[in-house]
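# Observations on the model geometry
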Amino acid sequence: MSQSIQRTFCNRDCPDACGLLATVEDGRVTRLQGDPEHPVTRGFLCYRTQKFLSTQYSLQRLTSPLLRRGGELRPVSWDEALDFAAERLLTIRKESGPAAILHYRSGGSLGLLKCLSDYFFQLFGPTATKRGDICSGAGDAAQLLDFGLNDSSDLFELYCSRHILLWGKNAFVCSPHTFAVLRQARGRGARLVLIDPVHHRTASACEAHYQPRPGGDFALAMAVARVLFERGWTSPEAEGYCEHLEDFRRLAFARGVEEWCREADLPRAAAEDLARRLGPEKPAAILVGWGMARRTYGGAIVRALDALGAITGNLGLSGGGVSFYFRRRSAFDLSFLGGAKPPRTIDEVSFGRDLLLAEPPVRAVWVTCGNPVAMLPESERVAQALRARALVVVVDSFLTDTARCASLVLPTTTLLEADDLLGAYGHHYLGASRPAVPPPEGVKSDLEIIQALASRVGLGEAMAGSAREWKRRLIEPLSRHGVSLEDLERGPVRNPAAPKVLFAGRKFPTPSGKVRLLTEAPPRQPESEPDFPLWLMALSTEESQSSQWAEPAEGPAPVTVHPDSSSGLADGELAVLESALGALEVVVRHDARQRRDVALIPKGGHLSGGRCANALVRAAATDLGEGGALYEERVRLVPGRLSPRR
Ligand SMILES: Nc1nc2c(c(=O)[nH]1)N[C@H]1C(S)=C(S)[C@@H](COP(=O)(O)OP(=O)(O)OC[C@H]3O[C@@H](n4cnc5c(=O)[nH]c(N)nc54)[C@H](O)[C@@H]3O)O[C@H]1N2
Ligand SMILES: Nc1nc2c(c(=O)[nH]1)N[C@H]1C(S)=C(S)[C@@H](COP(=O)(O)OP(=O)(O)OC[C@H]3O[C@@H](n4cnc5c(=O)[nH]c(N)nc54)[C@H](O)[C@@H]3O)O[C@H]1N2
Ligand code: SF4
Ligand SMILES: [Mo]
């Protein structure tokens, strides 16, 4: 028996970008471990990747292209599949122009070579692309506006923090390796506090948990700002590196601390406690969760948190900062993607509606690394919009909700077969993945698929090159720092261009060189909607990576509510969860630690399994960055079952 240990990297849409060790016996991966030598991975994996071998070797995995004929998806050869795709794309481009073709790529893999799919469609058109960002649009835009840059200090700077404010962040589930660093920081004396309407397991590492009204964070931040100003706890230097300081102060003083706190549904003591941690007891780091900004005024909320970090002098300070994102692509040369302007864009948040209304019509959609039917709002409408196209090609390893709407499905490689480059959005380490095993017979990598298509449409030469050749091209900036591809393949390398302390010297790449403080409050939101009293939040769960489940989930989705908000339904009882858009059969779970105005459901449930939260969520944009206000939908729990007709 032959046995070896292959070193690679996890490419999932996760902040941690772990180093993996795959034990391979007779050509089959038999064990997956976290790389003990990776400074962030430290030898352990999350639940979902620990269980990945059942996905890798699942009998549901696709091993042949599927072409829709007579209404059914049927296996065909690769030549037939690719000839069909090439012929249809060329015809549509000839008849209707490249704006009739849409390329949609999401976060199935964060490997940088996935950009080659974008590159192909730029050369082939440029074709239409998506616009906005369902994941982090509002927060990204907020930080770019305020700081001119969306990046973070070194993760291990948290060891220098006196306080760490986890603002709407569930690191335990979403970034388990950051969670481990947080616990170590606590061991070194840092004090942790969670600000999140939802009770979750990250609270276990925190000495305090404030549960504001969903979206109440803006008011809470203003209460904190007012306390900071009143007590003289702001930095005397803030005037020098902040624009609009006086206007911001006026904004904070527009209401009393008590009034702001009432709006946030928290006691005054909460604002005072947070102000003390940020002001006299700095350095304090604010870690901003991506989820928190998925609200109507998510951009304004992140801007308010940026301002708290700025006025207290926590920016540019070791152990301070307001961290939303780590620039995972900054080490790589992606300039070949150039600036080809798409002839039109389709809004990701209202994808279904935009696609249905697009005029002249989008005739073809190419989906890769994404499951928009399950993961975008108004799932049924997204499915309907896709089914109404002349051509839908989906590149995936499984027959997802989206693949079920396709005319052609092309089976592709998994993270254990990937040959790619990785940066992380939760720390500054880079890596190169290498296939631990070859793909099964009948499966091609995304690069091979794009190249085979390119050679059929006259773009073979432009797309040519092995994965390693492309990698060498992308890491050109690193070679100037003496980092080679071989170095990256041997193990993690810290991005040499990434700062240890971001904004040291308090210089900001904004037009004025200063932080731009916000000066206006968003409109007040209605506090209750009598017909739909609960905010629906479809949140990350340990068991899945968005719609990719470690083990198939069956039966009605669990919905967690405070016992007082369960419409009299017992724990474990079946019920119907209704929004203004749709209804789902669910099983009720009681949790007295939750607020009385929220209903929690796992993110990533499948439409085909009747578990998809996005069947209830209407498309609504955030105030900044064209993100999705995914957690703003209101719902109610109703006794009974869903009648089959509905
Ligand atoms: N209601 C609600 N909706 C949400 C969210 C929420 O919190 N609530 N979260 C949002 C967020 S943060 C995000 S990022 C999006 C995620 O949305 P998506 O990125 O669409 O998420 P996934 O379900 O992970 O879909 C990725 C697909 O890529 C496939 N895949 C994996 N590896 C590869 C590969 O190497 N090549 C190719 N071609 N395919 C591959 C997987 O099998 C999977 O079907 O969803 C958003 N939707
Ligand atoms: N296990 C697992 N891990 C994942 C993923 C997964 O699907 N499963 N998804 C990955 C992806 S795509 C991403 S983008 C990241 C981030 O994934 P996210 O799911 O965005 O996780 P968080 O950033 O922790 O943000 C979610 C938190 O925001 C809180 N929140 C919601 N509304 C508010 C509010 O109004 N105020 C406050 N203060 N908090 C609020 C929620 O209660 C929740 O605790 O995680 C990645 N990690
Ligand atoms: S999903 Fe995230 S935590 Fe899990 S192995 Fe991959 S990078 Fe690590
Ligand atoms: Mo995301």
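Residues numbered from 1 in each chain as written. Chains lettered and ligands numbered in written order. Predicted model: local features only at pLDDT ≥ 70, side-chain atom pairs only at ≥ 80, totals over all residues. Heavy atoms only, no water.

## A look at the site of ligand 1
Let me state the cut-off plainly: For this description, a residue counts as near a given molecule or strand if any of its non-hydrogen atoms is within 4 Å of it. Here a polar contact is taken to be a pair of N or O atoms separated by no more than 3.5 Å, where protein atoms must pair a possible hydrogen donor with a possible acceptor and residues adjacent in sequence count only if both atoms sit in side chains. Every accessible area reported is derived by Shrake-Rupley at a probe size of 1.4 Å, with residue values counting cover from the shown protein chains alone. When residues are grouped by polarity, Ala, Val, Leu, Ile, Met, Phe, Trp, Tyr, Cys and Pro land in nonpolar, Asp, Glu, Lys and Arg in charged, and all others, Gly among them, in polar. An automatic or database domain assignment supplies the start and end points of every domain.
Contacts to ligand 1 come from 29 residues, most closely from Ser-106, Met-375, Asp-396, Ser-547 and Tyr-631. A distance of 2.8 Å is found between an oxygen atom of ligand 1 and a side-chain nitrogen or oxygen belonging to Tyr-631. Surface burial for ligand 1 is 96%, taken as the share of its 920 Å² of free accessible area covered by protein chains. Looking at the shell around ligand 1, its residues break down into 8 nonpolar, 15 polar and 6 charged. Counting only domains with at least three residues in the shell around ligand 1, you end up with domain 2 (66-134 + 330-418 + 429-494) and domain 4 (534-639).

## Side note on helix 13 (residues 298-311)
Filter applied, for reference: Elements are defined by DSSP. Helices are runs of H or I of four residues or more, strands are runs of E of two residues or more, and each kind is numbered from the N terminus. Take the number of residues in a helix, subtract one, and multiply by 1.5 Å to get its expected span. The cut-offs for exposure are 20% and 50% of the maximum accessible area for each residue type, with area from a 1.4 Å probe on protein chains only; residues under the lower value are buried, those over the upper are exposed, and the others partly exposed.
When the terminal C-alpha atoms of helix 13 are compared, their 20 Å separation across 14 residues agrees well with the 20 Å that a helix rising 1.5 Å per residue should span. Most of helix 13 sits out of view: 14 of its 14 residues are buried. Among the residues trailing helix 13, Gly-313 stands out with phi positive, at a value near 80°.

## Brief notes about the pattern of salt bridges
Where we set the bar: The salt bridge definition used is simple: a Lys or Arg side-chain nitrogen within 4 Å of an Asp or Glu carboxyl oxygen.
The full count for this structure, using the stated rule, is 48 salt bridges. A salt bridge links Asp-118 to Arg-105, with the shortest nitrogen-to-oxygen separation between them at 2.8 Å. Residue Asp-118 is located in helix 4 (residues 115-124), and its partner Arg-105 is located in strand 6 (residues 101-105); the two are separated by 13 residues in the primary sequence. A salt bridge links Arg-226 to Glu-230; its shortest N-O distance comes to 2.8 Å. Of the two residues, Arg-226 and Glu-230 are both situated in helix 8 (residues 217-231); the distance of 4 residues between them amounts to about one turn of the helix. We classify Arg-226 as buried; its relative accessible area is 15%. We classify Glu-230 as partly exposed; its relative accessible area is 42%. Because the salt bridges share partners, they merge into one network encompassing Asp-419, Arg-434, Arg-468, Lys-471, Arg-472, Glu-486 and Glu-489.

## Description of the site of ligand 3
Every residue near ligand 3 is listed here: Cys-10, Arg-12, Cys-14, Asp-16, Ala-17, Cys-18, Leu-45, Cys-46, Arg-48, Thr-49, Pro-176 and His-177. Mapped by element, the contributors of at least two residues to the shell around ligand 3 are helix 1 (47-50) and helix 7 (176-187).

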